[in-house]
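Structure assessment
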Amino acid sequence: MKLRAEPGKLEALAEEAVVAACTLADAADPSRWSLGAVEDVAAALEVLAGALAQLDPECAEILAVVPVAAAAVVERAEQAGAGTSPTEADGRATVATSAALRQRSPLKA
């Protein structure tokens, strides 16, 4: 979805995004997240990262990890919903996710 905002309206839209993110963060509790909510927040992260990535190529490179990270969070939520508790999978998933993010990141160390 591509909406064009007036130049002065960009700041207002960015502020609305921050307010919405703060409201969400205040309401966030591990027991209240549904898979749909996780997917929606992951999508929002990707869209916002994509918007900032348009600033310049270096910003795009820095933010390239966001879609990978968002997908990993959704995958983890799907696994937890499929009967694997996050605490059971913590050690394995954290190591696997960290390795996968490093492999896919353009900023590999």
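Each remark here, short or long, concerns the structure printed above.
Report on the accompanying structure. (Residues numbered from 1 in each chain as written. Predicted model: local features only at pLDDT ≥ 70, side-chain atom pairs only at ≥ 80, totals over all residues. Heavy atoms only, no water.)

1. Quick word on the overall build of the protein
Scanning the protein for helices and strands turns up five helices and zero strands. In the protein, the succession of α and β elements from N to C terminus is α-α-α-α-α. By residue count, 11% of the 109 residues in the protein fall in the buried class. Within the protein, counting contacts between residues at least 6 apart in sequence, those at least 24 apart form 51% of the total. When the accessible area of the protein is evaluated, it comes to approximately 8200 Å², of which 62% is carbon and sulfur surface. (Helix = DSSP H or I, 4+ residues; strand = E, 2+ residues; numbered from the N terminus. Buried < 20%, exposed > 50% of the residue type's maximum accessible area, 1.4 Å probe, protein only. Contact = heavy atoms within 4.5 Å. Areas by Shrake-Rupley, 256 points an atom, 1.4 Å probe, with all protein chains shown as cover.)

2. Here we look at helix H2 (residues 35-53)
When the terminal C-alpha atoms of H2 are compared, their 27 Å separation across 19 residues agrees well with the 27 Å that a helix rising 1.5 Å per residue should span. For H2, the complete set of buried residues consists of Val 38, Ala 42 and Ala 49. Projected onto a plane normal to the axis of H2, the buried residues spread over an arc of 35 degrees and lie on a single side. Across H2 from its buried face, at more than 90 degrees, point the exposed residues Asp 40 and Val 47. Check the buried side of H2 and you find it contacts helix H3 (57-63) and helix H4 (65-81). (Expected span 1.5 Å × (residues − 1). Arc of directions from axis to C-beta.)

3. As for H4
Side chains that are three or four residues apart share a direction in an α-helix, a result of its 3.6 residues per turn. For H4, built from 17 residues, the straight-helix expectation of 24 Å at 1.5 Å per residue is met to within 8% by its first-to-last C-alpha distance of 24 Å. Those residues of H4 not exposed but buried are Val 66, Val 68, Ala 70, Ala 72 and Val 74.

4. Some words on the packing of H2 against H4
Orientation of H2 relative to H4, taken along the N-to-C sense of each, is 180 degrees, at an axis distance of 9 Å. Compared by their axis directions, H2 and H4 come out roughly antiparallel. Contacts from Leu 35, Val 38, Glu 39, Ala 42, Leu 45, Glu 46 and Ala 49 of H2 reach H4 at Val 66, Pro 67, Ala 70, Val 73, Val 74, Ala 77 and Glu 78. Its residues assigned to classes, the contact of H2 with H4 shows 11 nonpolar, no polar and three charged. (Axes fitted to C-alpha atoms, helices over the stretch in contact; angles between N-to-C directions. Parallel < 35°, antiparallel > 145°, perpendicular 65-115°, else oblique. Nonpolar A, V, L, I, M, F, W, Y, C, P; charged D, E, K, R; others polar.)

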